[in-house]
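For reference, the chains in residue letters:
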Amino acid sequence: FDEEAVEVCREFTELKLKLMPYIYEAAVEAHKTGIPVMRPMVAEFQDDPAVQYLDGQYMLGKSILVSPILNEEGWGEYYLPKGRWTHLLSGEEKSGGRWYKEYYDFHSLPVFVAENTVLPVGSSKNRPDYHFPDHVQIRIYALPAEKGVECEIPDDSGRTVLGIKAKRTETGVELY
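Residues numbered from 1 in each chain as written. Predicted model: local features only at pLDDT ≥ 70, side-chain atom pairs only at ≥ 80, totals over all residues. Heavy atoms only, no water.

Participant: Which residues make up a negative patch on the surface, and what values go with them?
Facilitator: Together, Asp2, Glu3, Glu4 and Asp105 give the surface a local cluster of negative charge. Tracing the backbone through its elements, the reader meets Asp105 in the loop between strand 7 (98-103) and strand 8 (111-114). Using a relative accessible area of 39% as the deciding quantity, one classes Asp105 as partly exposed. (Patch = residues over 30% accessible without salt bridge, like charges linked within 9 Å, V, L, I, M, F, W, Y side chains within 5 Å. Areas by Shrake-Rupley, 256 points an atom, 1.4 Å probe, with all protein chains shown as cover. Salt bridge = Lys/Arg side-chain N within 4 Å of Asp/Glu carboxyl O. Lys, Arg positive; Asp, Glu negative; His and termini not counted. Charge placed at Lys NZ, Arg CZ, Asp CG, Glu CD. Helix = DSSP H or I, 4+ residues; strand = E, 2+ residues; numbered from the N terminus. Buried < 20%, exposed > 50% of the residue type's maximum accessible area, 1.4 Å probe, protein only.)

Spelled out as structure tokens, the structure:
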């Protein structure tokens, strides 16, 4: 492998490690309910007929949409269900309810966070097994007015050790 391949692998490994509080929360949910961490689109968007047979992308947990690039040219073609979606890596917002076709280089791919999401981002980019609440960063995505959302950060035994709730009010976002 050349240096670029090693750097791309490093970037995505570090991203995964920083997402471990979210991924582990989804794993705990999978253990309790049987709902898988990697979900078909229809599992989260049953009322959207466009996702009925959509098998080229998936949901990672309930809030992150991933559409792998499956061609050498780097073209990604993906569908965003209704709502506001934010690209996890660039921060660009897109409207859902439609298809997109875009070019991606090796350092990116279509990975979007759904509106009304509180996403815990961990502090470690060196190992997957760390105390997730330590120095956790909370990112809030497209929180609608007067609607609340929450996330739970488990410890390594699956017990919730930090719960975060957010709600948009007239004056801003309230965390509790």
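Let us keep going from here.
Participant: Explain the packing of aromatic side chains to me, using residue names and the numbers behind them.
Facilitator: If you walk through the whole model with that rule in mind, you get seven aromatic pairs. Centre to centre, the rings of Tyr24 and Phe132 are 5.6 Å apart; their planes meet at 50°, and the pair counts as tilted. Taken together, the residues Tyr24 in helix 2 (residues 20-33) and Phe132 in the loop between strand 9 (117-121) and strand 10 (137-141) connect sequence positions 108 residues apart. Relative to Phe112, the ring of Tyr78 lies with its centre 5.3 Å away and its plane at 35°, an arrangement referred to as tilted. With a gap of 34 residues between them, Tyr78 in strand 4 (residues 75-80) and Phe112 in strand 8 connect regions that are remote in the sequence. Note on Phe112: relative accessible area 0%, which makes it buried. Positioned above the aromatic ring of Trp75 is the side chain of Lys101, whose terminal nitrogen or guanidinium carbon lies 5.8 Å from the ring centre. (Phe/Tyr/Trp six-rings, centres within 6.5 Å; stacked < 30°, edge-to-face > 60°. Lys NZ or Arg CZ within 6 Å of the ring centre and 35° of its normal.)

Participant: Explain the sheet that holds strand 2 (residues 58-60) to me, and be specific about the residues and the numbers.
Facilitator: Pairing in this open sheet of six strands is antiparallel, and the strands run 1-2-3-8-5-6 from one edge to the other. Strands at the two margins of the open sheet, each flanked by one partner only, are strand 1 (38-39) and strand 6 (93-95). By the bridge criterion, three bridges tie strand 2 to strand 3 (residues 64-66) in an arrangement that is antiparallel. Looking across to strand 3, one finds that Tyr58 is bridged to Val66. (Pairing = 2+ DSSP bridges.)

Participant: Tell me what's going on with the environment of Leu70, and back it up with residues and numbers.
Facilitator: Structurally, Leu70 is set in the loop between strand 3 and strand 4. Separated by 12 residues in the primary sequence, Leu70 and Lys82 have C-alpha atoms spaced 24 Å apart.

Participant: Can you lay out the sheet that holds strand 11 (residues 148-154) for me, pointing to particular residues and giving the numbers?
Facilitator: Here three strands make up an open sheet; going across it, the order is 11-12-13 and the pairing antiparallel. Looking at the sheet topology across the chains shown, the edges are occupied by strand 11 and strand 13 (172-175). Strand-to-strand twist in this sheet, taken as the mean axis angle between neighbours without regard to direction, amounts to 20°. (Axes fitted to C-alpha atoms, helices over the stretch in contact; angles between N-to-C directions.)

Participant: I'd like to hear about the pattern of salt bridges, residue by residue, with values.
Facilitator: What the rule picks out here adds up to eight salt bridges. Here Glu7 ties to Arg10 by a salt bridge, and the two come within 2.6 Å at their closest N and O atoms. One end of the pair is Glu7 and the other is Arg10, both in helix 1 (residues 3-18) and three residues apart, which spans about a single turn. Owing to a relative accessible area of 31%, Glu7 belongs among the partly exposed residues under this scheme. We note a salt bridge from Lys94 to Glu102, for which the minimum N-O separation is 2.5 Å. Salt bridges sharing common partners tie together Glu29, Arg39 and Glu44.

Participant: Go over the layout of surface pockets, please, and point to the residues and values.
Facilitator: Considering only enclosed or pocket space, the largest pocket measures out at about 620 Å³ in volume. What lines the largest pocket is a set of 30 residues, and nearest its centre among them are Lys62, Ser63, Asn116, Val149 and Glu150. Elements with a contribution of two residues or more to the lining of the largest pocket: helix 2, strand 5 (84-87), strand 9 and strand 11. Considering every element that reaches the lining of the largest pocket, the biggest residue donor is helix 2, with six residues. Residue composition of the lining of the largest pocket, grouped by class: 11 nonpolar, seven polar and 12 charged. Taken as a whole, the second largest pocket encloses approximately 320 Å³ of empty space. Taken together, Phe12, Leu15, Lys16, Leu19, Ile23, Met38, Tyr58, Leu60, Ile64, Val66, Leu109 and Val111 make up the lining of the second largest pocket. For the lining of the second largest pocket, the element with the highest residue contribution is helix 1, accounting for three residues. A per-class count over the lining of the second largest pocket returns 11 nonpolar, no polar and one charged. (1 Å grid on protein atoms, 1.4 Å probe; cavity = no way out; pocket = protein on both sides within 12 Å on 5 of 7 lines; lining within 4 Å. Points joined across faces, edges and corners; volume = space filled by probe spheres on them. Nonpolar A, V, L, I, M, F, W, Y, C, P; charged D, E, K, R; others polar.)

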